[in-house]
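So the chains spell out like this:
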Amino acid sequence: MYKDNSLIPSEAIRLAALGLLWQGERSYADLAREIRHFVGRIVGPSLEFLGPSLELFKIEGIIEAIDPKQPAEAQTMRLTEDGRAELQRLMTTRMRGPMGEVNKLIVAFKMHFFNCLSRDDQRQQLDLLIEACDKELARLGDLRSYEPLTDTSGHLPSWLDLEIGEIANRRAWFEGLKAQIDRQDR
């Protein structure tokens, strides 16, 4: 974890493993395959996302094999109570800005496992995600309004407009999800 309590890239893998096991028991091989597939489709191949091995998670006691005498790839894995607590911690950790590939992966995992959180924690996470969008909008808006930039004939201003529009849409989506959760609680 970074000093600002945001997740480092390898913790995205940890979040993936714990979240997938929260959904249900899986074989060791299937768990590793699902993590690789998901990460590869969100951020592509990257050495930055070669997280700790599942064996380390077993040693830490956050996952366990139901059938430990089987070869590793044939073992059926499940989440432990410590793993549930760690999943809760990872799911409620704040985002580090701006929205690069690490954050996109973490947001994707948080949305994938969103239902493991209480309604209050869901709202809090959405508030943090909305806040992250607001910061990114302010940062890019400031750059967009920078005087020397507006006098250029290059394509940076229109590209910034595209980025600002995407972030605004993401923010609106988070707001809509929060409103949906609020309606369900009424």
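Higher on the page you've got the structure.
The sections below set out a description of the structure shown in this document.

About the criteria used
Residues numbered from 1 in each chain as written. Predicted model: local features only at pLDDT ≥ 70, side-chain atom pairs only at ≥ 80, totals over all residues. Heavy atoms only, no water. Axes fitted to C-alpha atoms, helices over the stretch in contact; angles between N-to-C directions. Helix = DSSP H or I, 4+ residues; strand = E, 2+ residues; numbered from the N terminus. Parallel < 35°, antiparallel > 145°, perpendicular 65-115°, else oblique. Left-handed = near helix turned anticlockwise from the far one by under 90°. Contact = heavy atoms within 4.5 Å. Nonpolar A, V, L, I, M, F, W, Y, C, P; charged D, E, K, R; others polar. Salt bridge = Lys/Arg side-chain N within 4 Å of Asp/Glu carboxyl O. Buried < 20%, exposed > 50% of the residue type's maximum accessible area, 1.4 Å probe, protein only. Polar contact = N/O pair within 3.5 Å; in protein donor to acceptor, adjacent residues only side chain to side chain.

Looking at the packing of helix H2 (residues 28-43) against helix H5 (residues 101-112)
Then, in step 1: Orientation of H2 relative to H5, taken along the N-to-C sense of each, is 130°, at an axis distance of 10 Å. Considering the angle they form, H2 stands oblique to H5. Of the two elements, H2 crosses H5, and the hand of that crossing is right-handed. Residues Phe38, Val39, Ile42 and Val43 of H2 pack against Glu101, Lys104, Leu105, Ala108 and Phe109 of H5.
Then, in step 2: Per-class residue counts for the contact of H2 with H5 are seven nonpolar, no polar and two charged.

Examining the pattern of salt bridges
Then, in step 1: If you walk through the whole model with that rule in mind, you get 19 salt bridges.
Then, in step 2: Between Arg33 and Asp30 there is a salt bridge, with the nearest N and O atoms lying 2.2 Å from each other. In this pair, Arg33 and Asp30 are both assigned in helix H2, three residues apart and thus about one turn of the helix distant.
Then, in step 3: For Arg33, a relative accessible area of 45% translates into the label partly exposed.
Then, in step 4: The partner of Asp185 in a salt bridge is Arg119, with the nearest N and O atoms 3.3 Å apart. Note that Asp185 is positioned in the segment after helix H8 (156-184) and Arg119 in helix H6 (residues 119-144), a separation of 66 residues in sequence.

Topic: the side chain of Arg26
Then, in step 1: Among the structural elements, Arg26 can be located in strand E1 (residues 26-27).
Then, in step 2: On the basis of relative accessible area, Arg26 is assigned to the buried category, the value being 16%.
Then, in step 3: Polar contacts involving the side chain of Arg26 include one to the main-chain carbonyl oxygen of Gly24, which spans 3.0 Å.
Then, in step 4: With near-sequence residues (within four places) excluded, Arg26 lies in contact with Leu20, Leu21, Leu31, Glu34, Gln75, Thr76 and Met77.

Structural measurements only, silent on function.
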